[in-house]
Structure formats: structure tokens, C-alpha cells
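Chain by chain, the residues:
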Amino acid sequence: MTVVTPTRGRARLLSEALDSVAAQTLGDFEHFVVADCEDAETTRLMSARTAADPRVTYLVREGSEGGANVCRNIGLRRAGADLVVFLDDDDRLAPGCLAGRVELMRRNPDLDFAVFGAEVFVADLGDLGLRYHDLAPGDDLLRFLSLDCPWQTSGPIWRRAWLERLGGFCERLASLQDLELHVRALCRRPRYLVSREIDHGVRAHHDGARTSQRHFVDADLIRRSEAVPSLLLAEVERAGLLTWSRHRALIGLAYGAAENWARIGRLGEALRAWGEGAKAMRAPATIAATGAVALALTRAEGRGGLGGRLVNKWKGRVRFRQEPELTPARLVPAPGE
């Protein structure tokens, strides 16, 4: 069993992630921690951890290309086990996580991967009592295309050989990395199983520290996210899986990048991105035209007011589905809460 953790300058949180792996009831594992950029605090931490536990290996990325996906692929290439789990440096595994996942894959040798449920936490597992997603049966591909992502990086356990054939993580992307990988995986028509059992935690950063949160407000990440809808459209079409609903979700994804520009006050960029995105996604002319009006309303009034309500109603009418904000009110209570 291999665990891979990319990290960059978050030694305190990394230490907690390392503790959660060390506490596993399954003892037979290897843990690769791959630093995107070496810093003194992380180096001290990892020197102590690797000396104390031979199962832990510390690697530092080399070369000019960086990012979390590059680090994940470095760990994947070093993996010696048949099964792989990725754990972000700010998240945690519950003590029985690896044992439960390995047992499920052992009982189901035909599976390419399996997915397990997550909870959302702030400081400690269980402190919010909230699921990341309820993992109800449905069209998982449509959910990802709609930014209603049912699981994130730490959710799956992969058969290493299958993930290697898939090509691992896309190293060109700075955000929406989980989305692209899981869409590409689902487009291969994999044999996979989804368990609602919660066995890991995804940390909620109220300061917007997660890249998945920053891509809504960071100008560089917004710009780089504009290319993602075209990548996904090509993948879904190549697989012969483009339905009306999935196409409409992809148009909505292109609109979402433009809408993020409008929300940070950059209407010119918003209209440019939407013009290019609507054309690339082959959006109907009426949606392209009304989308430009919606962006102007968003720039003028933000999420609130009459303009914001009109934009939300329009997105519902044209069947765009956008990800809700990651707030406790929008998350699913965990069992017993």
C-alpha cells in the first residue's frame, strides 16, 4: 500500500497528516512525501520522521516544472505497491482508512478504483460533523462537469497499474486538478465502487488557502482555469459520453470562469473569457448573448440584489449547475448528527 503526499511550506499541517498515516491500523505501507519547494521547517520535520519510521520517504521535486500534480506523479512513479492513495498535506486519514480500503480492493479484484466518503473538519476530525458529499447514486461524470464534485484527491484508492495507464495527474493544470483527473478516469468507463463510509477528512480553510477555493478569486488561477472546459469537452467527446446535460454542464463550466472574472470586478476579462468559452463549447447563440448580460449584472451587483437573483434564475433556466459555497449550511450532516 502506497500513500503519496505533495507538500509546499505547510510543515505544521503536514505533521498532522503524517500523524494520521502513522496511526493506521494497517502497518504494511510506504509513504512518499514530495516537496514542491524545499524549506527549512519541512526539512527538519521530515528528517525526524524518516529517521523514526523507515516506511516514510522524503523527496524534493527537481527540475523547472512544479506544482502539486508534478509531485503526485513523482510519488506515483516511486510507488512499489499495487494500490495507491493520495493524501493532501492539510488533510487526514481516519485510523482504519487504509485497512478498510485494502480489504475492499482485495475482495473485489476486478475494480480499477474505489471511492470512500469524507468529512469536512477545521482543526480535528469530527469537529464539524459534516460530510464532504453524500455520495448518493447518480451520474458522477455529470456531477464533476457541474463542479458538484462528489469526491476529491484523497477519496479514491487506485490500482497503480490502471492509474499509470490513465497517465496520472495532468501537470499543466494549476487548479481544477481533481476535476480533470476524475473526469478523465470516468471517461475510461472504469470498474469502480463508491462507499459512503467516511474514512478521511478534508480540511475547511476559512482563509481561502485551498487552491480549490482560490480559483474563484485569484486572477492567475482564473485565467489558467479557462482552458479546462475545452480539455474536458474533448475527453468526454472522445469517449462518446457527451449527452445534452453534460454538454450544458460544460457550457456552465466555461461560464463559471467568466463569472469569476466578473465577481472580482474584471468585466472586460469576463466578457472576453465568455466569448471565447461560449464559442469553444458550441453554446447556443441565445445563451452566449444572455450570458454576456448576466456577467454585466454580476459585475454590477455581485451575488446579492435583484441582479444576482436574476442571474441565478437564468442559470437555472439554461440548466447550468454551479458548485455551492463550501459553508456548513450547504454541507451534509454526518450520520448521527
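Residues numbered from 1 in each chain as written. Predicted model: local features only at pLDDT ≥ 70, side-chain atom pairs only at ≥ 80, totals over all residues. Heavy atoms only, no water.

Visitor: Tell me about the overall build of the chain, and name the residues and values.
Guide: Broken down by element type, the chain carries 14 helices and 10 strands. Against the globule reference of 20 Å for 337 residues, the chain gives a C-alpha radius of gyration of 20 Å, in line with a compact fold. For the chain, the spread of C-alpha atoms along the three principal axes comes to 60 × 45 × 45 Å. Expressed as a percentage of the 337 residues in the chain, the buried residues total 53%. When contacts within the chain are restricted to residue pairs at least 6 apart in sequence, long-range pairs at least 24 apart make up 76% of them. Here the chain has roughly 14,800 Å² of accessible surface; of this, 52% comes from carbon and sulfur atoms. Of the charged side chains in the chain, 47 are positive and 45 negative; the average position of the first set lies 6 Å away from that of the second. (Helix = DSSP H or I, 4+ residues; strand = E, 2+ residues; numbered from the N terminus. Rg over C-alpha atoms; globule rule 2.2 N^0.38 Å. Buried < 20%, exposed > 50% of the residue type's maximum accessible area, 1.4 Å probe, protein only. Contact = heavy atoms within 4.5 Å. Areas by Shrake-Rupley, 256 points an atom, 1.4 Å probe, with all protein chains shown as cover. Lys, Arg positive; Asp, Glu negative; His and termini not counted. Charge placed at Lys NZ, Arg CZ, Asp CG, Glu CD.)

Visitor: Talk me through the packing of aromatic side chains; I want residue IDs and the actual numbers.
Guide: Centre-to-centre distance and the angle between the planes together describe a pair of aromatic rings. Across all of its chains, the model carries 11 aromatic pairs by this definition. Centre to centre, the rings of F113 and Y192 are 4.9 Å apart; their planes meet at 15°, and the pair counts as stacked. Here F113, found in strand β6 (residues 113-121), pairs with Y192, found in strand β9 (residues 192-203); they are 79 residues apart in sequence, far enough to count as distant. With relative accessibility at 1%, the residue F113 sits in the buried group. Residue Y192 is classed as partly exposed on the basis of its relative accessible area, which comes to 28%. Feature note: the residues F113, F144, W151, W158, W162 and Y192 constitute an aromatic cluster, connected by ring pairs. Across the ring face of F169, the terminal group of R72 is positioned such that the distance to the ring centre comes to 5.2 Å. (Phe/Tyr/Trp six-rings, centres within 6.5 Å; stacked < 30°, edge-to-face > 60°. Lys NZ or Arg CZ within 6 Å of the ring centre and 35° of its normal.)

Visitor: Please give an account of the environment of V4 that cites residues and values.
Guide: Note that V4 resides in strand β1 (residues 2-7). Sequence-wise, V4 and V236 are 232 residues apart; in three dimensions their C-alpha atoms are separated by 28 Å.

Visitor: A description of the nonpolar core should follow, citing residues and the corresponding values.
Guide: L179, V183 and W274 are the most contacted members of the largest nonpolar core, which has 58 residues in total. No other element matches helix α11 (residues 244-263), which puts nine residues into this core. In contact with V183, other than residues within four places in its own chain, are L141, F144, L145, L232 and V236. Formed by 18 residues, the second largest nonpolar core is a distinct cluster that contains M1, L83, L98 and L111. (Core = buried A, V, L, I, M, F, W, Y, C linked by side-chain atoms within 4.5 Å.)

Visitor: With reference to specific residues and values, describe the packing of α11 against helix α14 (residues 305-317).
Guide: Two elements in contact, α11 and α14, have axes whose closest approach is 14 Å; the angle formed by their N-to-C orientations is 175°. The angle between α11 and α14 falls in the class roughly antiparallel. Judged by residue contacts, Y255, E259 and R263 of α11 engage V311, W314 and K315 from α14. Tallied by class, residues from the contact of α11 with α14 come to three nonpolar, no polar and three charged. (Axes fitted to C-alpha atoms, helices over the stretch in contact; angles between N-to-C directions. Parallel < 35°, antiparallel > 145°, perpendicular 65-115°, else oblique. Nonpolar A, V, L, I, M, F, W, Y, C, P; charged D, E, K, R; others polar.)

Visitor: Account for the confidence of the model for the chain, with residues named and values stated.
Guide: Of all residues in the chain, 91% have pLDDT values of 70 or greater, and the mean over the chain is 91. Between residues 322-337, whose pLDDT stays under 50, and residues either more than four places distant or in other chains, the model counts 32 contacts. (pLDDT = per-residue confidence, 0-100.)

Visitor: Give a description of helix α4 (residues 97-107) that names residues and reports values.
Guide: Every α-helical turn comprises 3.6 residues, leaving residues that sit three or four positions apart pointing alike. If you check which residues of α4 are buried, you get C97, L98, R101, L104 and M105. All buried residues of α4 fall inside an arc of 135° around its axis, so they share one side. The exposed residues of α4 that point more than 90 degrees off its buried face are R106 and R107. Residues of α4 that are buried in the fold lie against β1, β4 (83-86), β5 (92-93), β6, β8 (156-159) and β9. (Arc of directions from axis to C-beta.)

Visitor: Break down the side chain of D89 for me, with residues and values.
Guide: For D89, the location among the structural elements is in the loop between β4 and β5. The class of D89 is buried, set by a relative accessible area of 3%. A distance of 2.6 Å separates polar atoms of two side chains, one belonging to D89 and the other to R10. In contact with D89, not counting residues within four places along its chain, are T5, P6, T7, R8, R10, L13, L14 and A17. (Polar contact = N/O pair within 3.5 Å; in protein donor to acceptor, adjacent residues only side chain to side chain.)

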